[in-house]
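Structural features, examined
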Amino acid sequence: MQSLFTANDWESQLISLYLDLNHYFYVDGWSSCVERFSPNKYPAFDDVEVLCSYLFVRIYFPQLQQVQQIWNTISLFLTSWFPKLPKYNSDLERSKRVILVMIKFLEKISDQQ
């Protein structure tokens, strides 16, 4: 699997990050780390999109520390890539549920470097 850091432009890196996360989440079973509180098994904005958007902004804009800043950056720059981005409050709740997968992925990419 190609690492997300080998692509040259940000769009290729975003796609690479999404594909890596999708693989780990669904193929490697990381989805078992996520608690499901909703009966909606197929949300319009899925967990991989939540992970990808937050991690991408954190990688490109490490100076952003507050969740509101991260979400604002996602909504400003990535809405063409994530057109079903939910409102801040619902996205915040979703990001809290996938935090264990975020940590696991960051550990994995730090081991690759």
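It should be emphasised that the depicted structure is a prediction, and the values quoted were computed from it without experimental measurement.

1. Comments concerning the nonpolar core
Counting 28 residues, the largest nonpolar core has Leu-17, Leu-21, Leu-51, Tyr-54, Ile-74, Leu-78 and Phe-105 as its most contacted members. Of all the elements in the fold, those that place two or more residues in this core are α1 (10-27), α2 (47-60), α3 (67-77) and α5 (99-112). Ignoring any residue separated from it by four or fewer positions in sequence, one finds Leu-78 in contact with Trp-10, Leu-14, Ser-53, Phe-56, Val-57 and Thr-73.

2. Comments concerning α2
Here α2 is 14 residues long and its end C-alpha atoms lie 20 Å apart, about the 20 Å a rise of 1.5 Å per residue gives. Extensive coverage of α2 is indicated by the burial of 11 of its 14 residues. You can read the cap of α2 off the contacts: a side-chain oxygen lies 3.2 Å from the backbone nitrogen of Val-48, and it is on Asp-46.

3. Structural notes on the packing of α1 against α2
One way to put it is that α1 packs onto α2 with a least axis distance of 9 Å and a crossing angle of 135 degrees. Looking at the two axes, α1 sits oblique to α2. Both α1 and α2 take part in a crossing whose hand is right-handed. Between α1 and α2, the residues in contact are Trp-10, Gln-13, Leu-14, Leu-17, Tyr-18, Leu-21, Asn-22, Phe-25 and Tyr-26 and Asp-47, Val-48, Glu-49, Leu-51, Cys-52, Leu-55, Phe-56 and Tyr-60, respectively.

4. Notes on the packing of aromatic side chains
A full pass over the atoms with the stated rule returns eight aromatic pairs. Ring centres of Trp-10 and Phe-56 lie 6.1 Å apart, and the angle between their planes is 50 degrees; on these two criteria the pair is classed as tilted. Within this pair, whereas Trp-10 is found in helix α1, its partner Phe-56 is found in helix α2, the two being separated by 46 residues in sequence. Relative accessible area serves as the criterion here: at 5%, Phe-56 is assigned to the buried category. Judged by centre distance (6.3 Å) and plane angle (15 degrees), the ring pair of Phe-61 and Phe-77 falls under stacked. Residue Phe-61 is found in the loop between α2 and α3, and its partner Phe-77 is found in helix α3; the two are separated by 16 residues along the sequence. What makes Phe-61 partly exposed here is its relative accessible area of 28%. Among the aromatic residues, those joined into a ring-pair cluster are Trp-10, Phe-56, Tyr-60 and Trp-81.

The rules behind these values
- Within each chain, residue numbers correspond to sequence positions counted from 1 in written order.
- Owing to the predicted nature of the model, reporting of local features is limited to residues with pLDDT of at least 70; listing and counting of side-chain atom pairs is limited to 80 or more, with chain, interface and lining totals taken over all residues.
- The side-chain figures draw on all heavy atoms in the structure; neither hydrogens nor water molecules are used.
- Residues belong to a common nonpolar core when they are buried Ala, Val, Leu, Ile, Met, Phe, Trp, Tyr or Cys residues joined through side-chain atoms within 4.5 Å.
- Accessibility here uses a 1.4 Å probe with only protein chains present; expressed as a share of the type maximum, an area under 20% marks a residue as buried, one over 50% as exposed, and anything in between as partly exposed.
- Only DSSP runs of H or I covering at least 4 residues are called helices, and only runs of E covering at least 2 are called strands; the numbering of each starts at the N terminus.
- Residue contacts are counted whenever heavy atoms from the two residues lie within 4.5 Å of one another.
- Each residue after the first adds 1.5 Å to the expected span of a helix.
- Whenever two N or O atoms come within 3.5 Å, that pair is a polar contact, provided that in protein one can donate a hydrogen and the other can accept it, and provided that, for residues adjacent in sequence, both atoms are side-chain atoms.
- Fitted lines through C-alpha atoms serve as axes, helices being fitted only where they are in contact, and the angles separating the N-to-C directions of these axes extend from 0 to 180 degrees.
- Angle categories: roughly parallel below 35 degrees, roughly antiparallel above 145, roughly perpendicular from 65 to 115, and oblique for all the rest.
- Helix crossings get a hand from a simple test, with the near helix turned counterclockwise from the far one by less than a right angle marking a left-handed crossing and a clockwise turn marking a right-handed one.
- A pair of aromatic rings is counted whenever rings of Phe, Tyr or Trp (Trp by its six-membered ring) have centres within 6.5 Å, and the orientation is called stacked for planes under 30 degrees apart, edge-to-face for over 60 and tilted otherwise.

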